[in-house]
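Observations on the three-dimensional arrangement
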Amino acid sequence: MDGVQLGARFSLATNRLQYCGPADAAPELYRSILAPAGSAAARRALLDFEALTPYLAALGAKHGLDPLDRRVVEAYWIGNELLEGFGRTEFRGILGALERRGLPRSAADRLRAHLPRDPLPHHMFHVAFVGVGAVTGHVPTTLPNMESCRPRWATVVGPGAPGHLRVAGPELAVEQGELRLRGQVEREVAWDPGVVPDAGPGTELAIHWGWAALALRPGQRAGIEGYTRRAIDAANEALPALGVLGRGPEDPGSEPAHFA
């Protein structure tokens, strides 16, 4: 699996929902997942995703790699060592690129002013700090949408309805004015056996927008959880100053506000 194929697995669901990327990209992304290697057309489509390319480009530039190198794509969607040592100055560059792709200037300025000490160029940090749909405006930043948009890990517990699996994993919540992961919640997710074959009980999956994107290797399973938790901690450092989450019983902040 190369970087184009890995990126297509995480980008297909949102493109089918028409939340981001070129309107006609889904068929090419799907074909690329099933092919021996990612196609040039799928590569072009991924680089047209509004909020994706600024992160991949920044990670690639930092490490001297192509933006769709497999290690770069894995760092953004799952998490690996390429995320280490990424500072505020570099993340301000990402915010500038996001602004050029649709993030309102007022939102970009507010985010620049409240960057945490260790911003993380991982999709969970984008979800929690920048906001779901903040670049395209196609979907509001609500807690349910943040839960759908974050790269979730979950364990298959059995079959679901036709074309679905029953999985269990933690859910995103707001507790005392902070984002937290809690519990083990069972739910059904869409499943394509051509994309994730042999997904029997005990298989660890990565899920994006309710779709099983990838069967995780043990190292990836540890990476997605560890970097997700780090991204949440970093976002929690900044969110109160941004006025997104309330604090205390008088203002519990049950949902994030829309950033745009």
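Each remark here, short or long, concerns the structure printed above.
First, a word on scope: everything that follows refers to the structure included in this document. (Residues numbered from 1 in each chain as written. Predicted model: local features only at pLDDT ≥ 70, side-chain atom pairs only at ≥ 80, totals over all residues. Heavy atoms only, no water.)

1. Examining the overall build of the protein chain
Put simply, the rule is: Segments assigned H or I by DSSP are reported as helices when at least four residues long, segments assigned E as strands when at least two residues long, and all are numbered from the N terminus. The globule rule used here is 2.2 Å times the number of residues to the 0.38 power, and the radius of gyration it is set against is calculated over C-alpha atoms. Note on exposure labels: buried denotes an accessible area under 20% of the residue type's maximum, exposed denotes more than 50%, and partly exposed covers the range between, all computed with a 1.4 Å probe on protein chains only. Residue contacts are defined here by distance: any two heavy atoms, one from each residue, within 4.5 Å place the two residues in contact. All accessible areas in this document rest on Shrake-Rupley with a 1.4 Å probe, and a residue is counted as covered only by the protein chains that are shown.
Looking only at helices and strands, the protein chain has ten helices and five strands in total. Relative to the 2.2 N^0.38 estimate, which gives 18 Å for 260 residues, the radius of gyration of the protein chain is 17 Å and therefore close to what a compact globule would have. For the protein chain, the C-alpha atoms occupy an extent of roughly 45 × 40 × 30 Å along the three principal directions. A total of 260 residues make up the protein chain; the buried ones form 54% of that total. Counting only contacts in the protein chain whose residues sit at least 6 apart along the sequence, the fraction spanning at least 24 positions is 62%. Roughly 10600 Å² of accessible area belongs to the protein chain as shown, and the carbon and sulfur atoms make up 51% of that amount.

2. Quick notes on the pairing of strand 5 (residues 211–215)
Rules: Should DSSP find at least two bridges between two strands, the strands are regarded as paired.
Among the five residues that make up strand 5, four are buried, leaving the element largely enclosed by the rest of the structure. Counted between consecutive antiparallel strands, the loop separating strand 4 (residues 204–208) from strand 5 contains two residues, among which Trp-209 sits at a positive phi close to 50°.

3. A short note on empty space enclosed by the protein
Rules: Grid spacing is 1 Å over the protein atoms alone, the probe is 1.4 Å, and a cavity is where that probe fits but cannot get out, while a pocket is an open set with protein on both sides within 12 Å along at least five of seven lines and lining residues have an atom within 4 Å of a point. Grid points are joined across faces, edges and corners, and a volume is the space filled by probe spheres set on the points.
Throughout the structure, instances matching the rule amount to one cavity of 30 Å³ or more. In this structure, the largest cavity encloses a volume near 280 Å³. Forming the walls of the largest cavity are 22 residues, and the residues nearest its centre are Cys-20, Ala-51, His-123, His-126 and Cys-149. Examining the composition of the lining of the largest cavity, we find that three residues originate from one element, helix 8 (residues 123–131), more than from any other.

4. Focus on the side chain of Glu-50
Put simply, the test is: Polar contact is the term for a pair of N or O atoms within 3.5 Å; when the atoms are in protein, one must be able to donate a hydrogen and the other to accept it, and sequence-neighboring residues count only if both atoms are side-chain atoms.
Locating Glu-50 in the fold gives a position in the loop between helix 3 (40–47) and helix 4 (53–63). At 2.9 Å, the side chain of Glu-50 and the backbone nitrogen of Gly-21 are in polar contact. Not counting the four nearest positions on each side in its chain, Glu-50 is found in contact with Cys-20, Gly-21, Leu-98, Arg-101, Val-135 and Thr-136.

5. Notes on the nonpolar core
Going by this rule: Each nonpolar core is a collection of buried residues, namely Ala, Val, Leu, Ile, Met, Phe, Trp, Tyr and Cys, held together in the definition by side-chain atoms within 4.5 Å.
Grouped together as the largest cluster of nonpolar side chains are 86 residues, with contacts concentrated most on Leu-29, Phe-91, Leu-98, Leu-103, Phe-129, Val-130 and Leu-179. Sort the elements by how many residues they give to this core and helix 10 (residues 218–242) lands first, with nine residues. Apart from residues lying up to four places away in sequence, Leu-103 is in contact with Leu-95, Leu-98, Ala-108, Leu-111, Val-130, Ala-134 and Val-135.

6. Some remarks on the pattern of salt bridges
Going by this rule: Here, a salt bridge means any side-chain nitrogen of Lys or Arg that lies within 4 Å of a carboxyl oxygen of Asp or Glu.
One pass over the structure, following the stated rule, counts 22 salt bridges. Glu-84 serves as the salt-bridge partner of Arg-230, at 2.9 Å between the closest nitrogen and oxygen. With a gap of 146 residues between them, Arg-230 in helix 10 and Glu-84 in the loop between helix 5 (70–77) and helix 6 (88–100) connect regions that are remote in the sequence. Its relative accessible area of 38% is what places Arg-230 among the partly exposed residues. Salt-bridge contacts for Arg-221 lead to Glu-225; the nearest nitrogen and oxygen are separated by 2.7 Å. With Arg-221 and Glu-225 both in helix 10 and four residues apart, this pair spans about one turn of that helix. A residue is classified by how much of its surface remains accessible, and Arg-221, at 21% relative accessible area, is partly exposed. The structure contains a network of salt bridges with shared partners spanning Glu-171, Glu-175, Glu-178, Arg-180 and Arg-182.

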